[in-house]
Every structure is written in structure tokens, then in C-alpha cells.
Amino acid sequence: MGKRLADINLENTEDNRRKYRQLLFTTDKELGNYISGVILFHETLYQKSDDGRPLVNLIKQLGIIPGIKVDKGVVPLMGSEDESTTQGLDDLSQRCAQYKKDGCDFAKWRSVLKVGKNTPSYQAMLENANVLARYASICQMNGLVPIVEPEVLMDGSHDLERAQKVTETVLAFTYKALNDHHVFLEGTLLKPNMVLAGQECPTKYTPQQAAQATVVALSRTVPAAVPGICFLSGGQSEEEATIHLDAINKCTAGRKPWSLTFSYGRALQASTLKAWKGKDVKAGQAELLKRAKANGAASMGKYVAGSVAGTAGEAGLFVKNHQY
Amino acid sequence: MTPVARRGSRGYVGGVEGINTHGQLAGRGEGQGGRVVSPHISNTRAAIMTTYFSYPDESLQQELRRIANAITAPGKGILAADESVSTMGKRLADIGVENTDENRRKYRQLLFTTDKSVSEYISGVILFHETVYQKSDDGTPFINLIKDKGIIAGIKVDKGVVPLMGSEDESTTQGLDDLSQRCAQYKKDGCDFAKWRSVLKIGKNTPSYQSMLENANVLARYASICQMNGLVPIVEPEVLPDGEHDLDRAQKVTETVLAFVYKALNDHHVFLEGTLLKPNMVTAGQSCSKKFKPEEVAKATVVALSRTMPAAVPGVTFLSGGQSEEEASVHLDAINKCTEAKKPWALTFSYGRALQASVLRAWGGKDENVKGGQAELLSRAKANSEASLGKYQWGSCQGYAGDKGLFIKDHAY
């Protein structure tokens, strides 16, 4: 959050973070037409609005389901070529139980894989799949729906086809691990990357090509029992992320028995932050509503490209080797 | 399961140095220059580079898709007529007929000279090797009879089960040797798909990790080789109905087996859109004291598949196992009516005994009964066609064989 605030020249204080999240959750209740859930960071769950109301209550009043990020960040895998796993399993069960009591109904855990000459390695795929499955299992024990996020980063110059192969392989490891750990698939969600070429790939692909690669990869690996897929936006701009989601929902290249929607951070908030700048709450909220509505339409294959211009413009939101 | 490879000098798991320093390991021989390599090692080595592979070229993808989609066209399914010589012997013995080349030929001739209308219900037929090269009385090759009806010919390519040392009476299936050449020949000779049956048993301690891993792997190797030769592989990981286990246990085993299967298919880069799955329905063991309704069987089956089988697979062609003809039709119908899970694939039949029991009884080995036998085939094929659309009226098809269970204990073939 410090980086986001720095981008709009705001200090990274607890109060600024609270103010920003308050902006989000005091948005008009129309927001609840497009947003079904919000993933929170631990501190936010316990913050209150200016008039003393818990932010989590504001969220629920909008008809939105609160979720909680529960992983504790990436750590390096010894021996690997700069690969990582994600930690956070210690006492996870007690933490989940507490979060459930405090109003959360789902959780999120992000694992990270990189496409390189020799990566992702067997070690990284096996380990991240396993840790995601352990996390999912522990969540379910405590009544939280686990969002499983095996993000294949966009960093690199690989083409779309390589991205597809990596994504298919990573997802196969993921679902084998979930099966090994007896995770109840009907009570999980997947938060994958869309299949996109690397940021530095010289070839540019159309949204339809990306959509086809994405849909085919998912149809080959994600069982029909999984109710839904909520894509991460990665380094995409707001408009790119919306257009891609729309193309995915329009794509007929493979069977799609799950819903295909969004779980966007930067791609839903870039314009919000820019319009707010720490001062103009209404402007920020208007941007949020606009972009949420656009993504709502995209999740049904009904978005008209370019119809929603955001304050953040077309700026790519790519952060190299994105830690968080 | 931990990778067995120790770190090589670069500290990189599974690096070339790591594999070479490993030397000999117990395990399945890979036949690569005499070096014995454990499955974990070859998995590791393959998996390091596992994101580097090729999809089949576009024309092969189209060919495989075309065949798989044609087999699973709405309202159609497969006649599994691939009984081996010895198995066919048992079927003929049941009706007092001697197991000779000629009798087997005559019986298959009955099947393939059935009226063309059978192709409204039957999209494909699985053959045993000898049948591919047999001819009717007037010298027409059976393959031609089949294709002239617009039915696709398939071929059983496995060479039967062999025991897994150390296991509790578990098996794997052999047949990979020269499989590529055999597939190429079968393709030339008119076949467009193949079938390979692996067998898993439910017991106190089975199926074991060994047997699930091994059978999944061998199915994936078979599938990969088939596709290289333009044949759609039907992947059959049969969980036998032998035993006293209940429906819940059967479901768990089936889910686990299928998860191993689809992981192996992914590891071997099999083109899923050009495959079919031939699984067991999820049913309680034959000796289970509790009886389950068709709706319960259907739900367990559909849920198990939805949890394991990717949407990219065009369809499921269920085996009938030990079910009677009517049971197999009713269950298939219930599966197609079931709304308890998403079903993005076709759900149809690939029946052997459950399509032929009445045919055999009505024929009895007598020329004058050929028409009677063919009428039975048409009637039960139609029933299963309706069932594959969720439109079968239970009990409306009365077979000559009655409703006798067709269960054979510990069915090897």
C-alpha cells in the first residue's frame, strides 16, 4: 500500500491507509451490483470509519462478502533459480477460525511462479501446489472458502504459447495437490493469471488470442466442480484487464463450465487512487464504480471496449517481479 | 512423495549432474542403454523441462478432435466387441458354442451385418486384433461393413494385465512395446481409435499408490503413442466392482484414480480434446450389503467426474462392468438426468456385455437365429442411445437375457 500511496504523493501512515479503505467501503451501494467480495489485509479488518463504524460492517452492508489474505509472503527456495514458495501455514487454523468469527467468509493465498529458461522447475511447481493445497484444506476446516492463487508472473520475453504451456502445467500440479489433500473443490475458487505473453515479448497478441489461450488452458486443467475463476490482473492496465476478461467471456474455443470473473487490485484501483489523491473522495468513488461496472459487464461478455475511460489512463500497471 | 533425485553439484534438484550421480536405482527399467531409472527420476528430469513441449500440429489436432467428437455425437455410443479369444470363448461357452475361429467370425459377422439403422445409435465399435482382418461369408472385410454404415472402427491395443511385484494382488497393463508401429498399421488398416484397459481393485489397502501411479502412467504413455499415430485413445482406468465397499468408498477411489490419470496425461502432454475416458460408473461393491438407487449412483458418478475430468475432454464412454443390460441403461439414463454437478462433456456408453448378452442368447450359435440376435442388438442399442440423452424409459427394453447380472468375479478380461 505504501507504493500505491507514494504514487499519489501520500505518506504511508495507518490513517492514510484507513482513509483510503474508508473511501472504498463508503462508496454508494450500487457497488454491490458489481462487487461480490473484497479481499482485505489483516489491519483493514479491524479498522473503523471516521464515525467509528467497523469497515467490515460497511462492507457487509453493501452486500459484499469480506475475505482475508492469509499468506505471509514469499520466501526463496534453496537451490532454485530465484524461485520461491509462500509461507503462512503456522497457526493458520487458529487464524482462520478467528477471521471467520470476525466476519470473513473467504481467504486468499498467493503463490508465485516465474517463466524463465529453466523455470518454473519441478521443485517450485510441486512445492507451491502443495502449500496451496495445505492452505486450502486448513481454510475449509474453518469454514472459509479458499481462493487458490498460483500466479505465473508476466515477467519475461516468452511468447503466448509458452505462457499457455506453463499455465497448464502449473494448474495440473495444483489440482493434483488439491485432490491429494482432499480439498472440497465445490467450495474453492481459482485466482489464476490470464494466459498472456511476457511483458518483454516482441510479438503482440490480440485479446482474442489471449482469451483463447486462457480458455483452452483452463478447460484442460480446471475441473468443472470448481464454481468459478476470478482472474488476477497482474501488470495489465485497467482497460486491458477489462477487455481481456470480456474476450474470455466471449470466447468459444473451449468448454467453460465455471464462471469467469475478476479479482482485481491494481486494475480496479489505479484510477480511484489517482482521482482521490488523498483529497477528493467522491471523485475516487466515482472511478471505482465506473471500473467495477465495466468489469461486471466484461464478466458477462458484454463490455464495449473503450467505453469506460479511467483517470489512470492506459498506463500499464506492471511491477517487475511483483512481490505483493 | 518426494523426488528421489539428490542434488547435483550445482545444488539444483534433478539437474543432469544429479541424475548421473544417482547411478542405479530400484524401479521400473526404462530400457535406456541398460540404466535402470526410477519413475521419480524420469519424472523429475522430464518435469524440469516439462513446460517445454509441443502441442500436436494443427492438422493432427483437427483429426483427433473430429474422431473424438464423432464418437460422442449426441445419442450415440460404442459397441465394445473387442473380447479376446479367451474371453470370447467364455461368452460362447455360456451359449453352448465352441470357441473356434469360425464361430467367432460368425458372431462378429452377425454384429456387423446388422441393419444400417444401428448407426443411429452406435458411433464406434471396438475390435480385437483378429476381427480387424476377418471377412464376412461373401468376402467383405468386416472393417468395410463397419465403415459403410458410417461407424468408426477402433482397436484394443493393450496386451493384458500383469502383476505388480510387492503389491496386494494388483496389476498393471502391458502392451507398450512396438505400440507405435502397431498403431500406425491399425490406422492404415482402417481404425481411428484405440482402447487400453487398466484395472484397479478396491480392497482394505488398495488401490495402492504404486498401482495408481503405474496404471496412470502406462495409460498416458499409451495415449501419447496413439495420438502420434492419429488414433484417438480411449483411456480406461477401470475400478472393479468386486468387494463389499459402499458407494462413498467407490467414489473416493474413483476420484483419486482419475486425479492420477489426468495428472499423468498432463505430464505426458496428451492432447485432451482428442481423447475419451472410459471409466466405471461409481457403484458400491458387488458384495456390499447396502443397495443404492440409480439416482445415488448417478450423483456419485457425476460428482466424481466433475471433480477430476477437465472440460476439454469431449466425452465419457462408460464401461458397464458387471451390470446387467437393463441396469447399465438405467444408470446411464440417471447419469444424464442428474443435475447435481456440472457436466460439460458427453456421457455415453461403451458397452460389451451389456450390449451383447441378449444378442448372444438369442443367436445361440444358429444361422436361423441371426436376425433374432440382430434385433436384440438394435433394441438395446436404441435403449442406450435414449439413455445417453436422458430419455430412456426404464424397463421399456426387454432383453432376451432377462435382467441377470453379468458380473464376473475379478474380471481379467
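Parameters and conventions
- Residues numbered from 1 in each chain as written.
- Chains lettered and ligands numbered in written order.
- Predicted model: local features only at pLDDT ≥ 70, side-chain atom pairs only at ≥ 80, totals over all residues.
- Heavy atoms only, no water.
- Helix = DSSP H or I, 4+ residues; strand = E, 2+ residues; numbered from the N terminus.
- Buried < 20%, exposed > 50% of the residue type's maximum accessible area, 1.4 Å probe, protein only.
- Contact = heavy atoms within 4.5 Å.
- Areas by Shrake-Rupley, 256 points an atom, 1.4 Å probe, with all protein chains shown as cover.
- Core = buried A, V, L, I, M, F, W, Y, C linked by side-chain atoms within 4.5 Å.
- Buried area = accessible area lost by both parts, 1.4 Å probe.
- Salt bridge = Lys/Arg side-chain N within 4 Å of Asp/Glu carboxyl O.
- Polar contact = N/O pair within 3.5 Å; in protein donor to acceptor, adjacent residues only side chain to side chain.
- Nonpolar A, V, L, I, M, F, W, Y, C, P; charged D, E, K, R; others polar.
- Phe/Tyr/Trp six-rings, centres within 6.5 Å; stacked < 30°, edge-to-face > 60°.
- Pairing = 2+ DSSP bridges.

Caption draft 1: Quick look at the overall build of chain B. What chain B contains, in helices and strands, is 14 helices and 12 strands. Within chain B, the fraction of its 413 residues that count as buried is 60%. Taking the intrachain contacts of chain B between residues at least 6 apart in sequence as the baseline, contacts between residues at least 24 apart amount to 78%. When the accessible surface of chain B is totalled, it reaches about 16300 Å², and 51% of it is carbon and sulfur.

Caption draft 2: How the structure looks around the nonpolar core. One finds Leu111(B), Ile122(B), Tyr222(B), Leu305(B), Phe318(B) and Tyr351(B) to be the most contacted residues of the largest nonpolar core, which totals 100 residues. In terms of residue count, helix α9 (residues 209-228) of chain B provides more of this core than any other element does, 9 residues in total. Excluding anything up to four places from it in sequence, Tyr351(B) contacts Ile78(B), Leu79(B), Ala80(B), Met281(B), Phe318(B), Leu319(B), Ser320(B), Ala328(B), Ser329(B), Leu332(B) and Asn384(B). Judged by nonpolar contacts, the second largest core, of 88 residues, contains Phe25(A), Val70(A), Leu185(A) and Leu289(A).

Caption draft 3: How the structure looks around unusual backbone geometry. Cis geometry marks the peptide bond from Thr119(A) to Pro120(A), where omega comes out at 0°. Its location among the elements puts Pro120(A) in the loop between β5 (106-113) and α6 (122-141). Of note, the bond from Thr206(B) into Pro207(B) is cis; its omega dihedral lies within 30 degrees of zero at 0°. Within the secondary structure layout, Pro207(B) lies in the loop between β8 (191-200) and α9. Phi at Asp178(B) is positive, roughly 60°, even though this residue is not glycine. In this structure, Asp178(B) sits in the loop between β7 (171-173) and α8 (179-188). Despite not being glycine, His269(B) has its phi angle at roughly 60°, a positive value. Its place among the elements puts His269(B) in the loop between α10 (247-267) and β10 (276-277).

Caption draft 4: Summary view of the interface of chain A and chain B. Chain A puts 37 residues into the contact, and the matching count from chain B is 37 residues. When chain A packs against chain B, the two sides together hide about 3300 Å² of surface, and 55% of this comes from carbon and sulfur. Per-residue buried area on chain A facing chain B is highest for Tyr122(A), Arg220(A) and Arg255(A); these three make up 23% of the total on that side. For the pair chain A and chain B, the interface holds 2 salt bridges. Ionic pairing is found between Arg220(A) and Glu273(B), a salt bridge with its closest N-O pair at 2.8 Å. Between the two partners, chain A and chain B, sit 18 residue pairs in polar contact (both at pLDDT 80 or more). Elements represented by at least two residues in the side of chain A that touches chain B include exactly α6, α7 (160-180) and α8 (207-219) of chain A. Counting residues per element, the side of chain A that touches chain B draws most heavily on α7(A), at 11 residues. In the side of chain A that touches chain B, the residues fall into 17 nonpolar, 11 polar and 9 charged.

Caption draft 5: Inspection of the packing of aromatic side chains at higher detail. Within the structure shown, the criterion is met by 10 aromatic pairs over all chains. For the pair Phe262(A) and Tyr264(A), a centre-to-centre distance of 5.6 Å together with 45° between the ring planes defines the contact as tilted. With respect to burial, Phe262(A) and Tyr264(A) carry one shared label: buried. With 5.5 Å between their ring centres and 70° between their planes, Phe112(B) and Phe142(B) make a pair best called edge-to-face.

Caption draft 6: Quick peek at the pairing of strand β4 (residues 122-127) of chain B. Residues and elements named next belong to chain B. Along β4, 6 of the 6 residues are buried, which leaves the element largely enclosed by surrounding structure. Alignment of strand β3 (residues 77-81) against β4, held across 5 bridges, turns out to be parallel. Looking across to β4, one finds that isoleucine 78 is bridged to glycine 124. Where β4 meets strand β5 (residues 152-156), 4 bridges bridge the pair, whose relative direction is parallel. Across the sheet, the residue bridging to valine 125 is alanine 153, located in β5.

Caption draft 7: How the structure looks around the environment of Lys60(A). Residue and element names in this part refer to chain A. Relative to the elements of secondary structure, lysine 60 occurs in helix α4 (residues 55-61). For the pair formed by lysine 60 and valine 38, sequence separation is 22 residues and the distance between their alpha carbons is 10.0 Å. Setting aside residues no more than four positions away along its own chain, lysine 60 makes contact with Pro66 and Gly103.

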